[in-house]
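Geometric and topological summary
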Amino acid sequence: MYLNQSELFIKHLDLFKKIGELADRQNKEIYLIGGFVRDIILQRPSKDIDFVVIGKGIDFAKSLAQVLGNAKVSYFENYGTAQISIEDLIIEFVGARKESYQRDSRNPIVEDGTLKDDQDRRDLTINAMGIGLNRSNFGQLIDPFDGLGDIERQTIRTPLDPDKTFSDDPLRMMRAIRFATQLGFKIEENTYEGIVKNKERISIISQERITEELNKIIMSPVPSIGFEYLYYTGLLELVFPEMQDLHGVETINGFSHKDNFFHTLQVLDNLCQLSDDIWLRWAAILHDIAKPATKRFEPGIGWTFHGHEDKGSRMVKPIFKKLKLPLNEKMKFVEKMVLLHLRPIVLSQEKVTDSAVRRLMMEIGEDIDQLMKLCKSDITSKNEKKVERIKQNFAVVEEKIKQVAEKDYLRNWQPPISGTDIINRYQIIKKEHIGLLKNAVKQSILDGTVADVQTEAFVFLDQLANEMGIQKK
Ligand code: CTP
């Protein structure tokens, strides 16, 4: 199969031809490889392009940089890779490698290899496809593991025995789940079992890299796909035990509470329809995080989770610290969302007074819209009548927020021209003219006939003063 008619390939056709010709002149084989090939087939935008050279990737990149007019090359000798930046692209060259790993280390022993060796050591069949760039095979797909078929079947699968692929580099378990989530694919059974078997090896991967994958899962259209895979494979309790703890239902005297893990996933998926702000998505994940710790069964009342919003907001920082998420104003935003996530619903159950709305607005500040999105996503009841009632109450709260904001704005609003501005600009003879002019400007702005900016207000005032026989200074 040839892919040289695909849009993403044609976009870089000149570059690929130059690279292929240079490789031909040097008697080297060169291939496009990895994510870029996958994205050509999926027709997704791709920012990085990886090439594999049979031989030394660094040497090839050096000679290519000259052909491209002394483009800047960065070398990573330890990894045997070289990067060239051209316009908004980063292209990376690596020599084909054969790697073997030691059991307790991520650091591979690397030897030169063939294209097939290089494809063998990749994480997933969809990421192990190559495209030839030499004259003899320009544009030809080289797909020894049927990655193309897996894309058609929407399947995530490792090229080799998953036990080997995941044991070599355990981050690939997170990557498999992340790609399944981003693409909405299923993880093939053997590959899934490979994750279950190797899950403990995730402990040799740095927290930063694990969290990067978690964030990519969270930024996917339906993140619950990834969290369910993490949960059922057993990875979740290793990488994010606080979220795992949300799972479970307890029953006392016939009273059960809902499963807070699946509830949280639903809230997260709901929110993803309303916002792609990663921190608001984190707030959705953490909004009920203290429910397990605050859970009580109170006879005559049932299950309660008193103070879970307060305790939950205090759990945000230690969780962020452990997950190596930033401890900055983004974290404070998440703390605030978790702390206040019940307020709009409480508010909507009472008579919605101006002062209650104002108090909430003071506490939440300009993030009020974000809080309302979180609260709307938190409605997961199956009882349609209840859902309808809450939605209507929220509409009342939102209307009230708008009214109060408008009222407060008007109360604090000052026209753009002050009494002093008027005295400085006009020869005022009668003192009452100052108030008269000022009031006329104010009314015209409130009526909407004059814009709320000083230059426009002066145009209006100059004309009015002229009509009143008041001279400019
Ligand atoms: N790769 C791998 N094992 C890893 C990481 C990467 O086998 N742990 C291989 C895959 O073939 C992958 C390629 O290296 O396609 C490039 O990796 P990277 O740039 O990290 O990922 P992409 O697949 O391009 O996708 P994304 O940018 O979404 O991470």
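Keep in mind it's a predicted model, so treat the numbers as computed, not measured. (Residues numbered from 1 in each chain as written. Predicted model: local features only at pLDDT ≥ 70, side-chain atom pairs only at ≥ 80, totals over all residues. Heavy atoms only, no water.)

**A few points about the domain arrangement of the chain**
When the domains of the chain are assigned, the result is domain 1 (7–148) and domain 2 (414–467). Look at where the C-alpha atoms of domain 1 and domain 2 centre, and you get two points 69 Å apart. (Domains from an automatic or database assignment.)

**Quick notes on the pattern of salt bridges**
Counted according to the given criterion, the structure contains 26 salt bridges. Across the salt bridge formed by R157 and D150, the nearest N and O atoms sit 2.8 Å from each other. Classification of R157 by relative accessible area gives partly exposed; the value is 23%. One salt bridge in this structure joins D354 and K407, with 2.6 Å as the shortest N-O distance. Note that D354 is positioned in helix α20 (residues 354–364) and K407 in helix α22 (residues 384–412), a separation of 53 residues in sequence. The structure contains a network of salt bridges with shared partners spanning D146, D150, R153 and R157. (Salt bridge = Lys/Arg side-chain N within 4 Å of Asp/Glu carboxyl O. Buried < 20%, exposed > 50% of the residue type's maximum accessible area, 1.4 Å probe, protein only. Helix = DSSP H or I, 4+ residues; strand = E, 2+ residues; numbered from the N terminus.)

**A word on a nonpolar patch on the surface**
Together, Y409, L410 and L446 make up a nonpolar patch on the protein surface, roughly 310 Å² of accessible area in all. Here L446 shows up in helix α24 (residues 432–447). (Patch = residues over 30% accessible without salt bridge, like charges linked within 9 Å, V, L, I, M, F, W, Y side chains within 5 Å. Areas by Shrake-Rupley, 256 points an atom, 1.4 Å probe, with all protein chains shown as cover.)

**Observations concerning the site of the ligand**
Residues in close proximity to the ligand total 14 residues, the closest being R38, D123, N127, D169 and R178. Within the side chain of R38, one N or O atom sits 2.8 Å away from an oxygen atom of the ligand. With respect to the ligand, the side chain of D169 contributes an N or O atom lying 2.8 Å from a nitrogen atom. Contact with the protein chains removes 76% of the 560 Å² of surface that the ligand exposes when unbound. (Near = heavy atom within 4 Å. Polar contact = N/O pair within 3.5 Å; in protein donor to acceptor, adjacent residues only side chain to side chain.)

**Details of unusual backbone geometry**
Of note, the phi angle at D146 is positive, near 60°, even though the residue is not glycine. Summarising the element assignment, D146 is placed in the loop between β9 (141–142) and α6 (147–152). The exposure class assigned to D146 is partly exposed, which follows from its relative accessible area of 34%. Phi at K324 is positive, roughly 60°, even though this residue is not glycine. Relative to the assigned elements, K324 resides in the loop between α17 (308–322) and α18 (329–340).

**Describing the layout of surface pockets**
Here the second largest pocket defines a volume of roughly 700 Å³. Forming the walls of the second largest pocket are 25 residues, and the residues nearest its centre are K258, K291, I345, D378 and K386. For the lining of the second largest pocket, the secondary structure elements donating two or more residues are α14 (260–274), α19 (343–349) and α22. Residues belonging to the lining of the second largest pocket are distributed by class as follows: 9 nonpolar, 8 polar and 8 charged. (1 Å grid on protein atoms, 1.4 Å probe; cavity = no way out; pocket = protein on both sides within 12 Å on 5 of 7 lines; lining within 4 Å. Points joined across faces, edges and corners; volume = space filled by probe spheres on them. Nonpolar A, V, L, I, M, F, W, Y, C, P; charged D, E, K, R; others polar.)

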